[in-house]
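Structure assessment
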Amino acid sequence: MTKLKEMNNPELQEHYTSLVRNYETFQSQKLALNMSRGVPCPEQLDLSAGIIDCLQVNDYKSANGTDCRNYGGVEGIPEARELFSQVLEVSPNEIIIGGNSSLTLMHDLMARAVLRGLPDSATPWGKLPQVKFLCPSPGYDRHFAICEYLGIEMIPIPYRENGPDMDLVEQLAAADESVKGIFCVPKYSNPTGITYSDAVVERLAAMPAKAADFRIFWDNAYTIHHLTDKPAQLADILTACKKAGNPDRVFIFCSTSKVTFPGSGLAMVAASGTNTNWLKKQINIQTIGPDKMNQLRQVRFFKDQAGIEDHMRKHAAIIKPKFDLVLEILEAGLGGKELATWSKPQGGYFISLDTLPGCAKKVIAKTSSAGVALTPAGATFPYGKDPEDKNIRLAPTFPPLAELKQAMELLALCIELVSTEQELKKRGLPGGNN
């Protein structure tokens, strides 16, 4: 296989002409495909159809006798706290079950820190001259949106193969009191697919922080979203924080948004007793209680942790062929050409792809012009600014296999086309100004 840089000028121009013809063929098909967000497909949603009618007549009382149709219980019903505490490896009294969105829990918690401060805040964050958050990148765009909305300065932290660059994290947290926390997606991270190593977890838990109210926002969204029978193992962050003498350092978030129905799942936050007691008082001002009937439905549907695990195996059976297809097409179209690299995740919802520097925006513009919408270039970095303009987040779960195949073949073609244009430009040849 001849690489672009190894082609002589006539070969490169001939190759470019062939790629343009192939691209025009795709444009003539007038595709209208969308793989811009990590959305469950209809077949995945069908797996949870039983939630709709799993409650029997007069089945509306929780284990402690609470009438779930009525007000109250801001911490969630006992059986939901028991079940999902097992998922998050915490005690039932260390978890709060909320509505359908963990993003809402994160947003509200950040807003409370800005307005009122955390339990150990000397001053509410909003009254400080500057507040900063560490943001491992590429990362989750909605984390970044919360920070930007609340006026919190974001500091990108590069990833290593086992998690964020901990030397840099430790240096910044220890030196600057305005650094108030870090966002983490620690298992099958969005979009890299990385699972933090035990050493990274221990360092996050134990590292010195100049801010007394430094917090880890541990968004463990994909903790049960495996694509293999031998899932990655993630160390227990709350236990690690307790052992390190920092029991209040972490807030753990999760939800069943991609487990059952995204619009009506359950969100949860777990933390130390100090943090959860403080948070319950705050939530009690905001609401008189969550949707306890929905909590009851989900507990009745799953029954126990084994029921959740069985349910997630059914999810994997649907989406793993899609991940496999994406990886097959990338390898077939780009393997060995030194034009792109990509992750091979063991779980989660995304594949992270890096083009050559300076190519991601042009690639996505070309796929869009041919009818395939991808996550915008730069979205995986704070402020939407990828410093090397190379990262593309791929979300394979929603499209049917036939559409996914078309989309990925177009993407592979666009990567090669843009890379060829870049090489032509370097050589000052026609076609290199596109």
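Our subject is the structure that appears above.
The paragraphs below set out a description of the structure included in this document. (Residues numbered from 1 in each chain as written. Predicted model: local features only at pLDDT ≥ 70, side-chain atom pairs only at ≥ 80, totals over all residues. Heavy atoms only, no water.)

So, about the packing of aromatic side chains. Applying the stated criterion across every chain, the model contains eleven aromatic pairs. Pairing Phe183 with Phe217 gives two aromatic rings, centres 5.4 Å apart and planes at 70°, and the pair type is edge-to-face. Taken together, the positions of Phe183 in strand E6 (residues 179-184) and Phe217 in strand E7 (residues 215-219) put the pair 34 residues apart, joining distant regions of the chain. Using a relative accessible area of 3% as the deciding quantity, one classes Phe183 as buried. When its relative accessible area of 2% is taken as the criterion, Phe217 is described as buried. An angle of 85° between the planes, with centres 6.3 Å apart, marks the rings of Tyr222 and Phe350 as edge-to-face. Of the two residues, Tyr222 sits in the loop between E7 and helix H8 (237-243) while Phe350 sits in the loop between strand E10 (340-342) and strand E11 (351-355), which places them 128 residues apart along the sequence. Residue Tyr222 is classed as buried on the basis of its relative accessible area, which comes to 6%. Here Phe350 falls in the buried class, since its relative accessible area comes to 5%. Grouping aromatic residues by their ring pairs yields a cluster made of Trp125, Phe133, Phe183, Phe217, Phe251 and Phe253. (Phe/Tyr/Trp six-rings, centres within 6.5 Å; stacked < 30°, edge-to-face > 60°. Helix = DSSP H or I, 4+ residues; strand = E, 2+ residues; numbered from the N terminus. Buried < 20%, exposed > 50% of the residue type's maximum accessible area, 1.4 Å probe, protein only.)

For the structure shown, the criterion picks out 22 salt bridges. Note that Asp165 is salt-bridged to Arg160, the shortest N-O span being 2.8 Å. Using a relative accessible area of 11% as the deciding quantity, one classes Asp165 as buried. Look at Arg160 and you get partly exposed, because its relative accessible area is 42%. Measuring nitrogen to oxygen at the nearest pair gives 3.3 Å for the salt bridge that ties Glu388 to Lys390. (Salt bridge = Lys/Arg side-chain N within 4 Å of Asp/Glu carboxyl O.)

In this section: the sheet that holds strand E2 (residues 95-97). Spatial strand order, E2-E9-E8-E7-E6-E3-E4-E5: eight strands in an open sheet with mixed pairing. With one partner strand each, in any of the chains shown, E2 and strand E5 (163-164) form the two edges of the open sheet. Each of strand E3 (132-137), strand E4 (153-160), E5 and E6 is contacted by helix H6 (residues 166-175), which is oriented at about 150° to E4, the strand it contacts most. (Pairing = 2+ DSSP bridges. Contact = heavy atoms within 4.5 Å. Axes fitted to C-alpha atoms, helices over the stretch in contact; angles between N-to-C directions.)

For the coordinates displayed, the defined rule picks out zero disulfides. Cysteine Cys54 remains unbridged, with the sulfur of Cys68 as its closest cysteine sulfur at 12 Å. Judged by relative accessible area, which is 17%, Cys54 ranks as buried. As a non-bridged cysteine, Cys135 has Cys147 as the owner of its nearest cysteine sulfur, 4.8 Å distant. When its relative accessible area of 0% is taken as the criterion, Cys135 is described as buried. (Disulfide = S-S within 2.5 Å.)

Okay, unusual backbone geometry next. The amide bond that connects Ser137 to the next residue, Pro138, takes the cis arrangement and shows omega of 5°. Turning to its location among the elements, Pro138 is positioned in the loop between E3 and helix H5 (141-149). In this structure, the amide linkage connecting Asn190 to the following residue, Pro191, adopts the cis form with an omega of 5°. Here Pro191 lies in the loop between E6 and helix H7 (198-206). Positioned with a positive phi, Asn58 is a non-glycine residue whose angle comes to about 65°.

Looking now at the packing of helix H1 (residues 9-28) against helix H13 (residues 401-427). Two elements in contact, H1 and H13, have axes separated by 10 Å at closest approach and are oriented at 145°. Along this stretch, H1 crosses H13, giving a crossing that reads as left-handed. Here Asn9, Leu12, Gln13, His15, Tyr16, Leu19, Val20, Asn22, Tyr23 and Phe26 of H1 lie close against H13, whose contacting residues are Gln406, Glu409, Leu410, Leu413, Cys414, Glu416, Leu417, Thr420, Glu421, Glu423, Leu424 and Arg427. Looking at the contact of H1 with H13, its residues break down into eleven nonpolar, six polar and five charged. (Left-handed = near helix turned anticlockwise from the far one by under 90°. Nonpolar A, V, L, I, M, F, W, Y, C, P; charged D, E, K, R; others polar.)

Now for the pairing of strand E9 (residues 267-270). Both faces of E9 are covered, namely the face carrying Ala267 and Val269 and the face carrying Met268 and Ala270. Direction of pairing for E2 relative to E9: antiparallel, over a ladder of three bridges. In the sheet register, Ile95 faces E9, and the bridge partner there is Ala270.

In this section: helix H11 (residues 305-334). For an α-helix the count is 3.6 residues per turn, leaving residues at separations of three or four pointing the same way. For H11, built from 30 residues, the straight-helix expectation of 44 Å at 1.5 Å per residue is met to within 8% by its first-to-last C-alpha distance of 41 Å. The largest bend along H11 measures about 35° and falls at Ile319, with the proline Pro321 one to four residues further on. Trailing H11 by a residue or two, Gly336 shows a phi angle of about 80°, which is positive. (Expected span 1.5 Å × (residues − 1). Bend = angle between axes of the 7 residues up to and from the residue.)

This part covers the nonpolar core. Leu204 and Trp218 are the most contacted members of the largest nonpolar core, which totals 53 residues. Apart from the residues lying within four places of it in its own chain, the contact partners of Leu204 are Met166, Val169, Ile182, Cys184, Tyr196, Ile216, Trp218 and Arg249. Counting 47 residues, the second largest nonpolar core, distinct from the first, contains Leu12, Tyr23, Phe26 and Ala412. (Core = buried A, V, L, I, M, F, W, Y, C linked by side-chain atoms within 4.5 Å.)

Okay, the side chain of Lys337 next. The residue Lys337 is located in the loop between H11 and E10 in this model. In this structure Lys337 comes out as buried when scored by relative accessible area, which is 16%. There is a polar contact of 3.0 Å between the side chain of Lys337 and the side chain of Glu416. With residues near it in sequence (within four places) discarded, Lys337 still touches Met1, Lys3 and Glu416. (Polar contact = N/O pair within 3.5 Å; in protein donor to acceptor, adjacent residues only side chain to side chain.)

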